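Now for the letters of each chain:
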Amino acid sequence: MIGGTDFWRRFKGWPDMAPVLGYALLTWFYTYPWSAHLLTQLPAGGDGLLSVWWTSHMRGALLGLHGLNYSNYVFYPLNNVFLPSYTPISISVAAMGLPVSFLFDDVVAINVCMYLSFVLTGWGTYLLVRYLTNNRWASFVAGCVPAFASYQYASFIQGHVDAISIQWFPFAVLFLLRLKDRPSHGNAVGLGVFLALIALTNAYFLFVLAVFLALFVLYFRSELFVRPMAPPVASAVATAALLTLPFYLPLVLYRLRTGGGGRAINEFDFNSPDLLSFFIPNSFHPFFAGLNQYLYYDSVMGTAHSYIGISVLLLAVWGLRKSRVSTVRFFGVVMVVFFILSLGSSLHIGRMRIDFSWSQGFFGVPPDTPIDSGGNPVLLPFYYLHKYVPFFSMQRYPSRFQTLFLVSTAVLYGVGLAGLVSKMATLRRQAAVAGTFFLLLGFEFLHPPVTHYQPVMPPFYEALGRERGEFAILNLPIAPHAEYLYYQTVHGKRIMIGYMSVPVPEFMRFVQGEPFLYAVSNAHLPGKWFWGSPLGPPVLDEAEIDRTIGRLRDWNVKYLVYHPHLDPIRDETMPRFFEAMARAGRTFYNDESVIAIVPDDLRSYPAFRRTGKLPAPIAVSSAAEGR
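What you see is a predicted model, and the numbers here were worked out from it, not measured in a lab. Every chain's residues receive numbers from 1 upward, in the order its sequence appears when written. Selection of residues for local features in this predicted model requires a pLDDT of at least 70, selection of side-chain atom pairs for listing and counting requires 80 or more, and totals for whole chains, interfaces and linings are taken over all residues. Each side-chain value is derived from all of the structure's non-hydrogen atoms; neither hydrogens nor water enter the calculation.

Q: Whenever I open this one, the environment of A44 confuses me. Can you help?
A: Only DSSP runs of H or I reaching four residues or more are called helices, and only runs of E reaching two or more are called strands; each is numbered from the N terminus. In this fold, A44 is placed in the loop between strand 1 (42–43) and helix 3 (48–62). For A44, a relative accessible area of 34% translates into the label partly exposed. Distance from A44 to F156, taken between C-alpha atoms, is 9.7 Å for residues 112 residues apart in sequence. A44 has contacts with I157, T451, H452 and Y453, leaving out every residue within four places of it along the chain. Each residue is assigned to one of three classes by its accessible area relative to the maximum for its type, calculated with a 1.4 Å probe on protein chains only: buried under 20%, partly exposed between the two thresholds, exposed over 50%. Contact between two residues is taken to exist if any of their heavy atoms lie within 4.5 Å; hydrogens are not considered.

Quick look at the structure:
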């Protein structure tokens, strides 16, 4: 061990806590100007509103208002939608944000979680590298590598709180090394806690952990398979199992019962990053963004933004080559393995998937060509793990394996930088060397200012939240809009629409079985939510509308709420019907963002659909008389 096992006896408190302030300041600059609006605004783009809803959903589950895994507050009136099956439930993220959500709101809670993910990732890596090198200069700079790499930025601007929350990995690795070097129940419990935090952050991280722990056991088998290690290891396993099984056991049982959840290999292949993305600056870089034309797939997801810095890779390789310490060599193995796994199911280089099918006359095929369509693609280990390892096909993005690629590369980078710094005779020269690499790292991770926006809550939903009684609303258009979930965090009523990370087949089948819902979902149009379902446009005549009104009453749907700003198909009949009702003053509520009617108002729809004009007002029911 470079730094020795007396690290915690050398831990001086303030000197090793000071980096937290440093990473906090760097995060403020790294995420500016979003960081100046933490109390009101989210990064512009992606699933930030979904993360906000999960925090609210967790709070409701803890207060006993509804279930965690099954809830009829979304995808109502269905009761059998198993939510963890369709989106990563970030239990640890939501739990970390709960105190903040009680003091402020759910937007602030998610923002605080994202901000802390950068800070804690940096500090955890600092502690890990300091454990190995006993060099604070090198450790601080190394902590910036996983905290501010391109993968983190790309996930951050998408609002993927679970994806950027990699902060528990360096802590878990640190406690794993401590347990190996000095077996104790304290280290074992610490390891178990951080393993549980990783598992409760993102289910995909379980596969990352499994591969890493397998490598660790194989590499250090002579040190681990001894009698003194058995009790601490049992403590670590018991701690992790106690914290995670209540959440994961229902998911495992559900998967075993349904056999679903796996993803086709073609989806993995399309989401596999280009080999060049690890060596070419990302598309956000103000000077080198143009180089991305050589990448076959350029998305704001971490699938394409894998750049970790040329200076980082060179110094990491140099540090690995110079070191003779077994633990450092282990991180070299981890770096290589997770680099290969991050490449996904097949090899992509320069806008092409490498394929040695001589019959096709070239060495590459377009990246969207199905991997199982023939040919001889260069298959990588990820492909065989997907094919033969149970549950591995649930893993959605190969880029998740970049988490430990980042951490292991940062460790080797820190070892190499510590070697350079230690050659300097004076403190000033040591600071100069560390500062030079820090500035170089900052240049390689440059990006434009973070765009942000303030989620807008229509006044209608604030008023809706004050209405007493249990009832549901139907948001229109029926489409996967995270805004509907965000609105629910205020009004608290059941909604017939939900939004998860992937489509929910149970709800899609339900919509297809209801002609009215199917019609207003634009499901019959190619390229929409149902991806061009073969079902044709349903007929909405008077009889069908009467049936629909009866069904809505059975489901206790009180309002149909149309959102013009969320509907790109403005020339269809239903949007024009709502707008005509608004112009005629025959709506329950109307402003620039929301038009709300009651189910009985649908009786005017068939005539409007035939003539393009509203019929004379129909006698209102008791449900509408209160307007």
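Q: Any chance you could explain the confidence of the model for the chain here in plain terms?
A: Here the chain shows a mean pLDDT of 84. Residues at 70 or above account for 85%. Per residue, pLDDT measures the predictor's confidence, with a range of 0 to 100. Low pLDDT, under 50, characterises residues 298–302; the predicted model gives this stretch 20 contacts beyond four residues in sequence or across chains.

Q: Is there a simple way to explain the pattern of salt bridges in this structure?
A: When their charged atoms lie close together, side chains carrying opposite charge are able to pair. One speaks of a salt bridge when a side-chain nitrogen belonging to Lys or Arg is within 4 Å of a carboxyl oxygen belonging to Asp or Glu. By the definition in use, this model includes 11 salt bridges. Here the salt bridges share partners, and the residues they tie into one network are E514, E544, R547 and R551.

Q: Explain unusual backbone geometry to me, please; I cannot follow it from the model alone.
A: Negative phi values dominate among residues other than glycine, just as trans dominates among peptide bonds. In this model, Y32 is joined to P33 through a cis peptide bond whose omega is 5°. Positionally, P33 belongs in the loop between helix 2 (14–30) and strand 1. Between L476 and P477 the backbone carries a cis peptide bond, its omega angle lying at 0°. Turning to its location among the elements, P477 is positioned in the loop between strand 6 (472–476) and helix 21 (482–491). In this structure, N556 takes a positive phi of about 60° despite not being glycine. Summarising the element assignment, N556 is placed in the loop between helix 24 (542–554) and strand 8 (557–562).

Q: Help me understand the sheet that holds strand 7 (residues 494–495) in this model?
A: Whenever strands of a sheet pair, they do so through backbone hydrogen bonds, lying parallel or antiparallel. At least two bridges found by DSSP between two strands is the condition for calling them paired. Spatially, five strands are ordered 7-6-8-10-9 in an open sheet, and the strand pairing comes out mixed. Looking at strand neighbours, the two that pair on one side only are strand 7 and strand 9 (589–590), the edges of this open sheet. Note: strand 6 against strand 8, five bridges, orientation parallel. Paired with N475 across the two strands is V561, which belongs to strand 8.

Q: What's the story with the packing of helix 5 (residues 106–133) against helix 9 (residues 168–181) in this structure? I'm lost.
A: The angle between the axes and the distance between the axes are what describe a pair of packed helices. Axes here refer to lines fitted to C-alpha atoms; in helices the fit is confined to the stretch in contact. Angles between the N-to-C directions go from 0 to 180 degrees. Remark: helix 5 packs on helix 9, axes separated minimally by 7 Å, with the N-to-C direction vectors making an angle of 25°. When the axis of helix 5 is compared with that of helix 9, the two are roughly parallel. Between helix 5 and helix 9 lies a crossing whose hand is left-handed. Between helix 5 and helix 9, the residues in contact are L120, T121, W123, G124, T125, L127, L128, Y131 and L132 and W168, P170, F171, V173, L174, L177, R178 and D181, respectively. For this classification, under 35 degrees means roughly parallel, over 145 means roughly antiparallel, 65 to 115 means roughly perpendicular, and everything else is oblique. It is the rotation of the near helix from the far one that decides the hand of a crossing: anticlockwise by less than a right angle makes it left-handed, clockwise makes it right-handed.

Q: How should I be thinking about the side chain of R400 in this particular structure?
A: Checked against the element boundaries, R400 lands in the loop between helix 17 (381–388) and helix 18 (402–422). The side chain of R400 is buried and forms no salt bridge, while D162, the nearest opposite charge, is found at 4.5 Å. Once residues lying within four places of it in the same chain are set aside, the contact partners of R400 are Y151, A163, N202, Y204, F205, V208 and Q395. In this tally, Lys and Arg are treated as positive and Asp and Glu as negative; His is ignored, and so are the chain termini.

Q: Please clarify how the pairing of strand 8 should be interpreted in this entry.
A: Looking down a regular strand, the side chains alternate between one sheet face and the other. Where burial is concerned, most of strand 8 is hidden: five out of the six residues are buried. Where strand 8 meets strand 10 (residues 595–597), three bridges bridge the pair, whose relative direction is antiparallel. The residue bridging Y562 from the neighbouring strand is I595, located in strand 10.

Q: Help me out: how do you make sense of the packing of aromatic side chains in this one?
A: Each aromatic ring pair is characterised by the separation of its centres together with the angle its planes make. Stacked, tilted and edge-to-face pairs are distinguished by plane angle, under 30 degrees for stacked and over 60 for edge-to-face with tilted covering the rest, among Phe, Tyr and Trp rings (Trp via its six-membered ring) whose centres lie within 6.5 Å. Following the criterion strictly, the structure yields 48 aromatic pairs and no others. An angle of 85° between the planes, with centres 5.3 Å apart, marks the rings of W28 and F29 as edge-to-face. A ring pair is formed by F577 and F578, whose centres lie 5.9 Å apart and whose planes are at 80°; its orientation type is edge-to-face. The same class applies to F577 and to F578, which are both buried. One aromatic cluster is present, formed by F460, Y461, F471, Y486, Y487, Y559, F588 and Y589 through successive ring pairs. Across from the ring centre of F471, 4.8 Å away, lies the NZ or CZ of K558, which sits over that ring. Sitting over a ring, as applied to charges here, requires NZ of Lys or CZ of Arg to be within 6 Å of the ring centre and within 35 degrees of the ring normal.

Q: Whenever I open this one, a nonpolar patch on the surface confuses me. Can you help?
A: A contiguous nonpolar surface patch, about 540 Å² in accessible area, is contributed by L245, L249, V252, L253, L256 and F391. Structurally, L245 is set in helix 13 (residues 230–258). Patch membership is restricted to residues that have no salt bridge and whose relative accessible area is over 30%. Joining uses 9 Å for like charges and 5 Å for the nonpolar side chains Val, Leu, Ile, Met, Phe, Trp and Tyr. Calculation of accessible area relied on Shrake-Rupley with a 1.4 Å probe; when residues are assessed, cover is drawn exclusively from the protein chains displayed.

Q: I would appreciate a short explanation of the nonpolar core in the present structure.
A: Within soluble globular proteins, side chains that are nonpolar tend to cluster in buried spots. Counting 172 residues, the largest nonpolar core has F338, Y413, L474 and F516 as its most contacted members. When neighbours within four sequence positions are excluded, Y413 is seen to be in contact with V141, A142, V145, S311, V312, L315, A316 and F437. In this description, a nonpolar core means a group of buried Ala, Val, Leu, Ile, Met, Phe, Trp, Tyr and Cys residues linked to one another through side-chain atoms lying within 4.5 Å.

Q: I'm lost on the packing of helix 9 against helix 11 (residues 205–219) in this one. Help?
A: For the pair helix 9 and helix 11, interaxial distance at closest approach is 13 Å and the crossing angle is 25°. With respect to their mutual orientation, helix 9 and helix 11 come out roughly parallel. The element helix 9 and its partner helix 11 pack so that their crossing is right-handed. The residues of helix 11 that touch helix 9, namely those facing F169, V173, L176, L177 and K180, are F205, V208, L209, F212, L213 and F216. In this classification, Asp, Glu, Lys and Arg are treated as charged, Ala, Val, Leu, Ile, Met, Phe, Trp, Tyr, Cys and Pro as nonpolar, and every other residue, Gly included, as polar. In terms of residue class, the contact of helix 9 with helix 11 is built from 10 nonpolar, no polar and one charged.

Q: Could you clarify how one ought to interpret the environment of M352 in this entry?
A: Take M352: it is sitting in strand 3 (residues 352–354). By relative accessible area, which is 29% here, M352 ends up partly exposed. C-alpha separation for the pair M352 and D274, spaced 78 residues apart in sequence, amounts to 8.4 Å.

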